[in-house]
Each structure stands twice: as structure tokens, then as C-alpha cells.
Amino acid sequence: MSEFFGADSEVGRLRTVLVHRPGAELRRVTPQQTCGMLLPAPPWAERAQVEHDALTGALRARGVEVLYLTELLQDALEYAPGRQQAIATAISDPRLGEELRGQLKEYLGGLCPEELGQVLIMGLARDEFSGGSGAVFGLLGAWDYVVDPLPNLVFMRDTCVWIGDSVAVTNPPGRRREAELVAIATGYHPMFAGAKRLYEPAYEELAGGDVLLLAPGVVAIGIGAHTSPAGMERLARRVFDSAFAHTVLAVLPDPTAADCLDTRCTMVGADTVLMRPSVAYSLVARTITQRGVGLRLSHPRPFLEAAAQAMGLDRLRVIETGLGPGRAGPARPGSLGGPAGQWDDGGNILALGPGTVVSYERNTLTNERLEAIGIEVIRVPGGELVGSRGGPRSVCCPVSREPAQMPEPRAGRLPTVSVPGPRRAASEAEFAA
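Structural notes, computed from the coordinates. Here the residue index of a chain counts from 1 through its sequence in written order. Given that this is a predicted model, residues contribute local features only at a pLDDT of at least 70 and side-chain atom pairs are listed and counted only at 80 or more, while totals for whole chains, interfaces and linings are drawn from all residues. With hydrogens and water stripped out, all remaining heavy atoms of the structure feed into the side-chain values.

Between any two strands, pairing holds if DSSP finds at least two bridges. Helical segments are the DSSP runs of H or I of at least four residues, strand segments are the runs of E of at least two, and each set is numbered from the N terminus. Across the sheet, which stays open at both edges, the three strands sit in the order β17-β18-β19 with mixed pairing between neighbours. A single partner strand is all that each edge strand has here, and the edge strands are β17 (350-353) and β19 (376-380). Across the sheet, the axes of successive neighbouring strands diverge by a mean angle of 30°, strand direction being ignored. Relative to β19, strand β18 (residues 356-360) runs parallel, the two being bridged by five bridges. Directly across from Y360, in β19, lies its bridge partner V380. Across the sheet, helix α2 (residues 45-61) touches β17, β18 and β19, and the angle it forms with β19 is around 145°. All axes here are fitted lines through C-alpha atoms, helices being fitted over the stretch that makes contact, and every angle between N-to-C directions spans 0 to 180 degrees. Two residues form a contact once any of their heavy atoms are found within 4.5 Å.

The structure is reproduced here in C-alpha cells:
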């Protein structure tokens, strides 16, 4: 891997991350103008910034370099190709119409890189655009947007994943503009000169949260509401062609969940995963390997079994998140889809290296279980930053990790064991016996 960027796992020592500090785009969201926001209710922007600063402060305290998308984007917009691509992305909205599109193109072309970057992220309301005229413009309400804000940009992992020494800029459903900005920042900033590209926003639907680097050479890709089978196939072919992976696990859709794979399963160690109890033993995968110019697809198998075999391990140790569907606490006000809390994001932690993770402070039971097996848990606030939509992993894209140190494979295949909550104590004792 490059000295400056690349990752071969989820657990190698973290050196550099890419983030977006939430800003004015959150203040532009109202119940009437949600702008596709993933959170169930408009967040308190100032508090979200404080929580994001606490997270990045914790990362820096452990020697992690923090890169900000806004700064990288502004630098990339100094270059004519990056600037042209950014403006083309902003004016591609079919709702604009021909006349307003031309007016917007001229306006954006007159902005300096800092101003242009700001508009691309925070949006442009009708009453802020003095150069607008014509039928489409006249039919807009005072606070309709000519350029929509991007309130979901904080979820940086959804649009950007480093796999080996290459970057995959993904295409989460309905979030093409976010991905295009990431593509511009990583494509035109001198820091990433020479970086190879595995995926583009113009390709099929694919969310970075559905991509897990289980081990060097092993990638899991979840299929479901955010990632299409075609997107999974394209990325699988690209990682095989890049010689990074020898195995890809296609994790089949979970009919009970509409979220990304990383909220159901996260690596906390080279042979340890953190998983929701509701899916830990029901998740199913199909193993994909390369055969000539084609792909070979196995029969469905339990995810944990398929993952351990692909990783060359006897088994994976499973730590269950704190609450399952039957034990969840009261619903968060304004939340969607039933009870929220650590059941929703308790597994979406960020590994800083062997034996150290960052987790939200409210995930008390999950954090206690991690500490019980000797993992250091760095607690940070996050209730306003992402609500119940994710954890620290979802807002950080690792750009650089040290190579993972994997355990030596042992002979035989043993059943996967878990470190569950009290409700499984008896079965765990039976297993030990």
C-alpha cells in the first residue's frame, strides 16, 4: 500500500480519516424541506458540531490525522477540471429547466473556490439567487432551493471507502451529489495524486456502509436497500481485478432491516465481530471467487461460517450489541421504525487499532461487553450528530491504516462462539461444558 493512503482491514492501526464537519446545511433543513435527510427530525446543528469536534478530538489524541472534506474540496476547486465537474454536477438537476440552468451555471462560475464549495454543500435558496428569472424560477417558493443542501454529508463512510490502495467513491440511493463532491475532492486534490479508483458515482447503487474489509484479501458487501446486486457485482469484479481480494462475501438482504451492513456487523478485532443479536445467527452470505474472467457463486451459508472460512480462521468471536428488538428501551422522540438507541447504532463502532475502539457513550451495555473482553472503549457523545442512524464508523472514512496483524489459522473448523448478554448465559455455559 501507499505510504500515504490505503487500508487492508477494519482493524489495522488508524492513521488518517476523512470526515465532514456538519455546518450550515443542517440549519437549512425544516420539516417542510427535509432535503432527503436521513435523520428522523432536524438536528440541533450547534450541538451536532460540538459532538463531531469531540469525536475528531478523540481521534487526534490517539495520533490520527483528520482530513476535512470541505477543505479538500475547496483546494480541488482551484483546478479548472475539478471546478467544471462540480458546476456540472450542481446544474444537472432536471428540475431546473433550461433557462434557470444557464443562469445558475453563470452564477456558480463567478464564485471563488471557497464560495463555490459552500454553495455546493449548504445549498442555494430561491431568495438568495438574485440572478434568477423565468418560468421555473418564478414558480419556486421563497425558500425552495435552486441547489439543495446536503444534510447527509456527515455520513462520510456512505460515499467513500478505501480498499487496499484504491478508493471506491460509491453511489448511495438518492445521494449522487454527495458522492460527486467526494469524487472531486479525491480526484483533483494533489494529496491523492496517483490514487486508483475502484468505483464511481455514475455506477450502480452502492453504499460504503455495506462494505466491510473483513481481512486482507476478504471483502464483505451487503445487498439490500442501499446496495444493488449489480453494484455488488461491479465492486467484486474491481477488487478481484485489482488483486486486493481473493474472496468476496455477498451478504444477502435481511427482510427485517433496511439499513447498511455495518450497523449489523462491525469488526472490533482481527477475529472478533460486534453484531446485533437479532441478526448474528441469521445473516446469510454467498461466497464469490474469481474463475477465469467470470465469478463463481457458492450456495448460501451462514455469514459467520463463510466469513471465518474465507479469513482462514477456525471461528469468529461474536460480541452482541446491548439491546435486541425484544429488549429495546423507549422510542426516541421523532424516531422512525420503532425503538431506537444502542440496538440501532451500538454496533457501528470505529476501530482505532488492535484492542481500541471509539463508541458512543450512550451504548452502555455494548461498551461494557467490549471492555469485559479487554477492548479499550473511547466514549464520545453522538445523540444529536447522527441520532439513531449510525455510530462513529458511519461518519469516518479511513484513508490510511497500518497493515492488519491477523491471528495464525488453526486446523479444523469449530462453531462460532459469542459473548452475549445475560439471556444467553445458560447456553454459553452448556457450550463450555
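Extensive coverage of strand β10 (residues 247-251) is indicated by the burial of five of its five residues. Of the two faces of β10, the one carrying T247, L249 and V251 and the one carrying V248 and A250 are both buried. Across five bridges, the pairing between strand β9 (residues 218-222) and β10 is parallel. Bridged to V219 within β10 is V248. Sheet analysis places β10 next to strand β13 (residues 284-291), joined by four bridges and oriented antiparallel. Note on β13: the bridge partner recorded for V251 is A285. Each residue's exposure class comes from its accessible area (1.4 Å probe, protein chains only) as a fraction of the maximum for that residue type: buried when under 20%, exposed when over 50%, partly exposed otherwise.

Interhelical geometry of helix α4 (residues 80-90) versus helix α5 (residues 97-109) gives an angle of 145° and a closest axis separation of 10 Å. Note that α4 runs across α5; the crossing there is right-handed. The residues of α5 that touch α4, namely those facing R83, I87 and A90, are L104, K105, L108 and G109. Ten residues, namely Ala, Val, Leu, Ile, Met, Phe, Trp, Tyr, Cys and Pro, are considered nonpolar, four, namely Asp, Glu, Lys and Arg, are considered charged, and the remaining ones, Gly among them, are considered polar. Classifying every residue of the contact of α4 with α5 gives four nonpolar, one polar and two charged. We call a crossing left-handed when the near helix sits turned anticlockwise from the far one by less than a right angle, and right-handed when that turn is clockwise.

With that out of the way, let us pick up the side chain of T287. Structurally, T287 is set in strand β13. Judged by relative accessible area, T287 falls into the buried class, the value being 15%. With near-sequence residues (within four places) excluded, T287 lies in contact with T247, V248, L249, R296, L297, S298, R301 and A306.

The next thing to look at is the environment of I163. Mapped onto the fold, I163 is located in strand β5 (residues 160-163). The class of I163 is buried, set by a relative accessible area of 2%. Residues I163 and D8, 155 residues apart in the sequence, show an inter-C-alpha distance of 6.3 Å. Each residue touching I163, except ones within four places of it in the same chain, is listed here: A7, A168, L198, V211, L213, L235, V239 and F244.

Moving on, we come to the pattern of salt bridges. Any Lys or Arg side-chain nitrogen found within 4 Å of a carboxyl oxygen on Asp or Glu counts as a salt bridge. Scanning the entire structure with this criterion turns up 22 salt bridges. With its nearest N and O atoms 3.0 Å apart, the salt bridge here joins R175 to E178. In this structure R175 comes out as buried when scored by relative accessible area, which is 7%. R276 is the salt-bridge partner of D259, the closest N and O atoms lying 2.4 Å from each other. Here R276 lies in the loop between β12 (272-275) and β13 and D259 lies in the loop between β10 and β11 (265-269), a separation of 17 residues in the sequence. Its relative accessible area of 4% is what places R276 among the buried residues. One connected set of salt bridges, linked through shared partners, spans E10, R157, D262 and R393.

Strand order in the open sheet formed by three strands is β2-β1-β20, with mixed pairing between adjacent strands. If you trace the sheet from one side to the other, it starts and ends with β2 (65-68) and β20 (397-401), each paired once. Neighbour to neighbour, the strand axes of the sheet diverge by 20° on average, direction disregarded. Here strand β1 (residues 14-19) pairs with β20 via four bridges, running antiparallel. Directly across from V17, in β20, lies its bridge partner P398. Seen against the sheet, α2 touches β1 and β2 and runs at an angle of roughly 140° to β2. Running over the sheet, helix α3 (residues 69-76) touches β1 and β2 and is turned about 55° from β2.

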